[in-house]
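What the coordinates show
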Amino acid sequence: MTQIPQVYNKITCSEYPKYKNFLTLIQDLQNDDGTFIKFYSGNNLEQVLSFKDYSSKVCALANHLKDFHKVGPGDFVIAAFQNSPAQLIAFGAVICLGATIIPVELNPKLSHIKIINQDCKVVGVLSEHALVLPEELTEVFHINFESEGDRLFLNATADFSNFSPNMNDAIATVFYTSGTTGRSKGVPISQIQWLANSFALQNVNGMKRHHIHMCVLPLHHVNAFGFSYLASLASRSTLVLCRSFHPLSFWSVIDKEQVNVCSLVPHFIQSLISLKRNKDKREKPAHVRYFVSAAAALPKTLAETFINEFNIRILQGYGMSEATNFNLLCSPENSPEEYKNLMFKFETPSAGTPLWGTTVEIMGKDGKLLPDGEIGQIVMRGWSLMTSYVNGEKATKATLIDGWLNTGDLAKKRIINGKPYFFILGRTKEVIKRRGETISILEIEEMIRKDFGFLDFAIVGFKNKFVSEEIGIVLETAPHKENDEDLLEKLRQTLHETFCPRVLIHVEKIPKTDTGKIKRLELAKLFKSFEERRFR
């Protein structure tokens, strides 16, 4: 059994969250007939579950796992699903037993499953359909919901009498990082950390019964797990759960279900804008309060275009898997003037102020905290921090230093109306070091997006023996009036020499994670033949 240290950042606050472990929460729902999940596939409503239904099914599956597969505290179970009620039932059942759920995508790569098993020694797999598992997992239990799901819930009753309630510090989840800049790492977060984070999200977003939250992001990532699933569950909000992001049915579901809030990523926002450009101007639905954008930096031009097109506020948030989901978020209560300033007055939209229980600062390369307005790395500390990566001692030492989580994200802090607001400028690894100068990839992308209107493109740094690194641009294959050399010449005429791409490459599809993060390491390989070329 993999050993993970207990939570050292104990949660102490006068406004303590009501629930301290999942079992207490799930038990408290067993007589609640309010609507919890309305599940959509495209434009079709496929399933509705009350809180009572959900509690009963979680209990039934948990009892099955306990009685037939001996799942209990300290065990690790993989859950391979696309968004569905069954996925949320699997999450709740495993965590209520004091075991740990490891969410992965519907069809995970064998190499990823092998890494997880090396780290965690999993005892079982819950999946939406039959999976081909690596040889080392052939002896663990495997429940395929497509063929076995119905029998698991026959005669389901909410009998929690055999469960241990003392699970506050038990590790609830291990989410694996996207691996866009290196090997994917497992991040363990405890039950009480998740519930405290959901408490903070409920407060800032005003989530309560009759609030309607729509989820289009994948639930095997921390954003949707913490904000959409857990905060909705704990606040008795209704969760409109979509199988996936489906832009053609997005607004129809928003209207039918009178959605108040939806969490998106910049890639999805871009898709909605692209689809809208051939449609009539859409009026803001009265029931929509705002959308939230997270997982990647929100470009100012993208935010401005969306707001002008749809007249809906976007609140940018920020968080790390290593710090239990959201850590910064703009308040929905800001006045129109305050909102406008936070979104458009500075070089990038603000990611907001720290959520309850988390301290956020800006640190310089010398390890000292920086004054307001200076660029440095975001660092965080508080109850939300993981204690270590799973079996990742070296990575942990590089990330957790003197009690601070080093995020790898560059930002500025500004005090506005007496509150600290943070402005994300990019990853420390999302820079190009050319002739001794550090150039922000996101800054170049914002310039090109603003001046050329490109949507599906990426700036990439690639090795070059003459200047250390050079700048490349990757465009998704699409009809362009100009040939490549003409496009590069236009870029040279518009951009300062420092920021101008030297090489243009076309791809059919820019590789991204399912939350829209560009896989730049993968794209950099396309420029290998230019490593020894001297550019003018």
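Each remark here, short or long, concerns the structure printed above.
Since the structure is predicted, the reported quantities are computational estimates derived from the model, not experimental observations. (Residues numbered from 1 in each chain as written. Predicted model: local features only at pLDDT ≥ 70, side-chain atom pairs only at ≥ 80, totals over all residues. Heavy atoms only, no water.)

This part takes up the overall build of the protein. Check the secondary structure of the protein and you find 15 helices and 25 strands. Whereas a compact globule of 536 residues would reach a radius of gyration of roughly 24 Å, the protein reaches 23 Å, a difference of no more than 12%. C-alpha extents for the protein along the principal axes are approximately 75 × 50 × 45 Å. Within the protein, the proportion of its 536 residues that are buried is 60%. Only carbon and sulfur atoms are counted for the fraction: they give 48% of the accessible area of the protein, which is about 22,900 Å². Side chains of the protein give 62 positive and 58 negative charges; the mean places of these two sets differ by 3 Å. (Helix = DSSP H or I, 4+ residues; strand = E, 2+ residues; numbered from the N terminus. Rg over C-alpha atoms; globule rule 2.2 N^0.38 Å. Buried < 20%, exposed > 50% of the residue type's maximum accessible area, 1.4 Å probe, protein only. Areas by Shrake-Rupley, 256 points an atom, 1.4 Å probe, with all protein chains shown as cover. Lys, Arg positive; Asp, Glu negative; His and termini not counted. Charge placed at Lys NZ, Arg CZ, Asp CG, Glu CD.)

The next point concerns unusual backbone geometry. With a phi close to 55 degrees, Lys121 is a non-glycine residue in the positive phi region. Structurally, the position occupied by Lys121 is in the loop between helix H4 (110-120) and strand S5 (124-127). Exposure remark for Lys121: the relative accessible area of 51% places this residue in the exposed category. Of note in this structure, Asn311 is not a glycine but carries a positive phi near 55 degrees. Topologically, Asn311 is positioned in the loop between helix H10 (300-310) and strand S13 (314-320).

Attention now goes to the pattern of salt bridges. Side chains that differ in sign of charge can pair as their charged atoms come close. Summed over the entire model, instances satisfying the criterion amount to 18 salt bridges. Between Asp32 and Arg209 there is a salt bridge, with its nearest N and O atoms 2.7 Å apart. Here Asp32 is found in the loop between helix H1 (22-28) and strand S1 (35-41), whereas its partner Arg209 is found in the loop between helix H6 (191-205) and strand S9 (212-215), with 177 residues between them in sequence. Looking at Asp32, the relative accessible area reads 10%, which means it is buried. Note on Arg209: relative accessible area 36%, which makes it partly exposed. Glu485 is the salt-bridge partner of Arg492, the closest N and O atoms lying 2.5 Å from each other. (Salt bridge = Lys/Arg side-chain N within 4 Å of Asp/Glu carboxyl O.)

What follows concerns the packing of helix H13 (residues 441-452) against helix H14 (residues 484-494). One way to put it is that H13 packs onto H14 with a least axis distance of 12 Å and a crossing angle of 105 degrees. By the angle between their axes, H13 is roughly perpendicular relative to H14. In this structure, H13 uses Ile448, Asp451 and Phe452 to contact H14, whose residues at the interface are Lys490, Leu491 and Thr494. When grouped by side-chain class, the residues that make up the contact of H13 with H14 number three nonpolar, one polar and two charged. (Axes fitted to C-alpha atoms, helices over the stretch in contact; angles between N-to-C directions. Parallel < 35°, antiparallel > 145°, perpendicular 65-115°, else oblique. Contact = heavy atoms within 4.5 Å. Nonpolar A, V, L, I, M, F, W, Y, C, P; charged D, E, K, R; others polar.)

The topology assignment puts Ala86 in helix H3 (residues 85-96). Residues Ala86 and Glu146 lie 60 residues apart in sequence; the distance between their C-alpha atoms is 9.8 Å. Beyond its immediate sequence surroundings of up to four residues, Ala86 is in contact with Phe81 and Phe145.

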